[in-house]
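Letter by letter, the chains look like this.
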Amino acid sequence: MLKGFRDFIMQGNVVDLAVAVVIGAAFGAVINSLVENILMPLIAALVGAPNFDNFLLLTLGDGVEIKFGVFLTVLVNFILIAAAIYFIVIVPMKKLTEMRQARLGIEEPEEEIDPQVALLAEIRDELRNRTA
């Protein structure tokens, strides 16, 4: 039983997943630092506040507060994090992959057209020719 557990833990998928989780957590800290320490202060310089927590604060009769500004701050942080990941990670990685594939002479395979889609396209074209 212990040997089976050891074999399970040592499988590539489990180890790869563990490494991905650790690296993902570290990468998340880097992105959060970028947003909190660089991008949000830039927004604060433009808008005048580092966050929107006190923006659109609505207090109801029973002292219940509806905090639209807190939601707006979280939404802006999400958009900034998504933009940071896209422009700092995704775009450069895509460019590096394209350069590597070009250097190695690897071409992207053309997508196979579904036979049903091809048939429908032929029918469409034939119908256009009949009405013209």
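So, how was this worked out
- Residues numbered from 1 in each chain as written.
- Predicted model: local features only at pLDDT ≥ 70, side-chain atom pairs only at ≥ 80, totals over all residues.
- Heavy atoms only, no water.
- Phe/Tyr/Trp six-rings, centres within 6.5 Å; stacked < 30°, edge-to-face > 60°.
- Helix = DSSP H or I, 4+ residues; strand = E, 2+ residues; numbered from the N terminus.
- Contact = heavy atoms within 4.5 Å.
- Salt bridge = Lys/Arg side-chain N within 4 Å of Asp/Glu carboxyl O.
- Buried < 20%, exposed > 50% of the residue type's maximum accessible area, 1.4 Å probe, protein only.

Caption draft 1: Structural context of the packing of aromatic side chains. This model, assessed by the stated rule, comprises 1 aromatic pair. Relative to F87, the ring of Y86 lies with its centre 5.0 Å away and its plane at 85°, an arrangement referred to as edge-to-face.

Caption draft 2: Fine view of the side chain of T73. You can see T73 is positioned in helix α3 (residues 68–104). Every residue in contact with T73, bar those within four places of it in the chain, is listed here: N51, F52 and D53.

Caption draft 3: Here's a closer look at the pattern of salt bridges. Here the structure, examined in full by the defined rule, presents 3 salt bridges. Between D125 and R124 there is a salt bridge whose closest N-O contact spans 3.1 Å. Overall, D125 belongs to the partly exposed group, its relative accessible area being 34%. For R124, a relative accessible area of 42% translates into the label partly exposed.

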